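Coordinates in review
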Amino acid sequence: MTEKGQHPAMWAVMTLILLATIMDGIDSSIVNVILPTISEDLGMSVSSSAMVSVAYLVPIAGLCLAFSKLAERVNVRRMFLIGTTVFLIASVGCALSPDAVTLVVMRFVQGIGATFMVASTPIMVVRLLDEDHRARGMGCIAAGSGISVIAGPTVGGILGDIFSWHAVFLINIPICLVIIAATAALLPAMEPERGRRLLPDIPSVLLMSFGMGLVMVGLYGFTEGIIPDAGSVALCILGAVLILCSFLRSGRAEDPLVHIELLRDRRFSIVTIVFLLSTMAGAGVMYVLPYYMQIVEGFTAAGTGLILAGASAVTVLVTVPTGRWCDRKGCRTPASVSLVLRIVFSAMLAMIDPVLGVAYLGIAILIMGVSFGISGTSQSARMVEESPEEYAGEAGSMAMTVNYVGYALGLAAFAIVFSLMGPGSSDMTSMSQDSFMEGFGGSCWFSLVLSVAALVGSVAVGWKARTKLN
């Protein structure tokens with residue numbers, strides 16, 4: 001088939017992946033801005049209102065790998081449609097929730113629908129895009145995540161101010177309808193794998209699901225202060241033990257959730273750790289930067305959102321050429337370049353001073369946007385590139401899981417570093433500017449350390465990829 005003949009299907013797949021990823025990512029973060037309004041309207045306490053966010057994230061973190069296996073073994077287009085439909089129905093349920101319990105339940109269902117979609121996207125990349133376009137497909141996933149991290153709070157604040165918190169969920173309806181119509185019309189039916197169970201080893205799935213869920217609840221509880229520190233640590237440790245048990249079980253299972261051969265592969269393991277560290281560094285900076293812009297520079301929430309939206313636009317613009325770069329030359333160089341840029345903007349933010357002016361901040365944010373665009377595309381694609389071809393789908397699914405886990409770990413780690421290096425508290429809204437700057441500087445130096453460690457790992461893996469994406 002000619003290049004011209006491939007493009008309509010290629011762009012259809014990429015557009016659907018981008019829309020689904022943006023919608024999922026926005027719903028992960030959009031609610032945080034309007035939680036105070038929801039709490040007041042539904043009579044929820046501060047601690048219980050956090051469950052509105054946790055209920056959405058837990059099924060994604062716990063079931064992503066298992067649902068990715070399911071996507072490989074059934075018609076992935078049908079699974080994508082089911083996920084979007086469940087997400088649509090749950091969004092309506094969230095908007096119409098009359099009480100807190102209903103809202104939390106609907107958010108959990110919404111998270112299940114999102115898991116169907118999120119788990120399907122890397123399988124769509126591997127099965128619907130040829131090797132010449134896989135990096136660009138993974139780049140669409142990264143671009144969607146980058147857009148949503150910044151756009152979520154901005155969109156949530158605007159909709160909440162103009163309308164009400166119900167509008168935050170109703171905005172999903174037209175997007176879901178577009179995705180459903182386009183999927184049914186444009187995506188080809190893909191034959192499922194025959195002669196295999198729908199899900200792999202059930203005990204492994206349960207251990208992984210509960211383990212990831214406990215880790216997510218523990219991390220979120222710690223960063224939001226809704227669970228005592230000792231309780232959050234205990235949940236994280238218990239979750240990690242269950243995840244380890246899942247891996248050990250997979251090593252003996254006939255139909256494993258995760259192939260141990262893949263995890264034992266040195267090249268794949270290193271690039272996975274690199275992606276995890278890079279995601280942690282990026283998530284952590286995005287956690288503290290908006291507070292700096294408002295507390296120190298005096299920006300409004302809307303102004304902060306607009307400036308960061310500019311960084312998101314840069315991320316999107318960089319994503320497509322980075323995907324082409326990876327497709328043609330491999331992912332090692334762009335992945336390493338992105339980490340160099342991450343070191344640069346982390347150092348700039350660590351040494352920032354208000355007297356340097358907004359221009360200095362703008363340059364750092366611009367470099368950050370470029371780094372995010374190159375990193376998200378090249379490092380997730382590199383996990384696929386460095387996996388044996390028979391594990392390409394599983395590697396793509398693991399990249400999605402690493403992205404979510406890295407984001408949560410980054411938030412928790414930076415909350416700890418901020419409180420240790422500065423005021424002894426992670427509550428940034430109730431401290432002096434001097435105390436904040438101490439914590440902010442320490443957090444950015446921590447981002448630099450993570451980025452340097454990731455760069456060392458990225459360079460350590462040889463130039464020649466095992467599975468060439470092109």
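Up top is the structure these notes are about.
These remarks concern the structure in this document.

About the criteria used
- Residues numbered from 1 in each chain as written.
- Predicted model: local features only at pLDDT ≥ 70, side-chain atom pairs only at ≥ 80, totals over all residues.
- Heavy atoms only, no water.
- Helix = DSSP H or I, 4+ residues; strand = E, 2+ residues; numbered from the N terminus.
- Contact = heavy atoms within 4.5 Å.
- Areas by Shrake-Rupley, 256 points an atom, 1.4 Å probe, with all protein chains shown as cover.
- Buried < 20%, exposed > 50% of the residue type's maximum accessible area, 1.4 Å probe, protein only.
- Axes fitted to C-alpha atoms, helices over the stretch in contact; angles between N-to-C directions.
- Parallel < 35°, antiparallel > 145°, perpendicular 65-115°, else oblique.
- Left-handed = near helix turned anticlockwise from the far one by under 90°.
- Nonpolar A, V, L, I, M, F, W, Y, C, P; charged D, E, K, R; others polar.
- 1 Å grid on protein atoms, 1.4 Å probe; cavity = no way out; pocket = protein on both sides within 12 Å on 5 of 7 lines; lining within 4 Å.
- Points joined across faces, edges and corners; volume = space filled by probe spheres on them.

What to know about the overall build of the protein chain
Within the protein chain, the secondary structure is distributed over 17 helices and zero strands. Taking the intrachain contacts of the protein chain between residues at least 6 apart in sequence as the baseline, contacts between residues at least 24 apart amount to 83%. When the accessible surface of the protein chain is totalled, it reaches about 18500 Å², and 69% of it is carbon and sulfur.

Re the environment of Gly323
On the secondary structure map, Gly323 appears in helix H13 (residues 301-329). Residue Gly323 is classed as buried on the basis of its relative accessible area, which comes to 0%. On a C-alpha basis, the gap between Gly323 and Pro334 in space is 9.4 Å, while along the polypeptide they are eleven residues apart.

Focus on the environment of Leu42
Tracing the backbone shows Leu42 in helix H1 (residues 3-42). Remark: the alpha-carbon pair of Leu42 and Leu103, spanning 61 residues in sequence, is separated by 9.4 Å. Setting aside residues up to four positions removed in sequence, Leu42 forms contacts with Ser97, Pro98, Asp99, Ala100, Leu103 and Trp165.

Points about the packing of helix H4 (residues 76-95) against helix H5 (residues 100-128)
Here H4 crosses H5 at 155°, and the two axes come no closer than 8 Å. Here H4 is positioned roughly antiparallel relative to H5, judged by the angle of their axes. When the axes of H4 and H5 are compared, the crossing they make is left-handed. Among the residues making up the contact of H4 with H5, the classes are represented as 16 nonpolar, eight polar and one charged.

Side note on the layout of surface pockets
The volume enclosed by the second largest pocket comes to roughly 510 Å³. Taken together, the elements giving at least two residues each to the lining of the second largest pocket come down to helix H9 (202-224), helix H10 (229-252), helix H12 (266-295) and helix H16 (392-421). Per-class residue counts for the lining of the second largest pocket are 16 nonpolar, three polar and no charged.

Topic: the packing of H12 against H16
At their nearest, the axes of H12 and H16 sit 7 Å apart, and the two run at 45° to each other. The angle between H12 and H16 places the two elements in the oblique class. Pair H12 / H16 crosses with right-handed handedness. Of the residues that constitute the contact of H12 with H16, the class distribution is 21 nonpolar, six polar and no charged.

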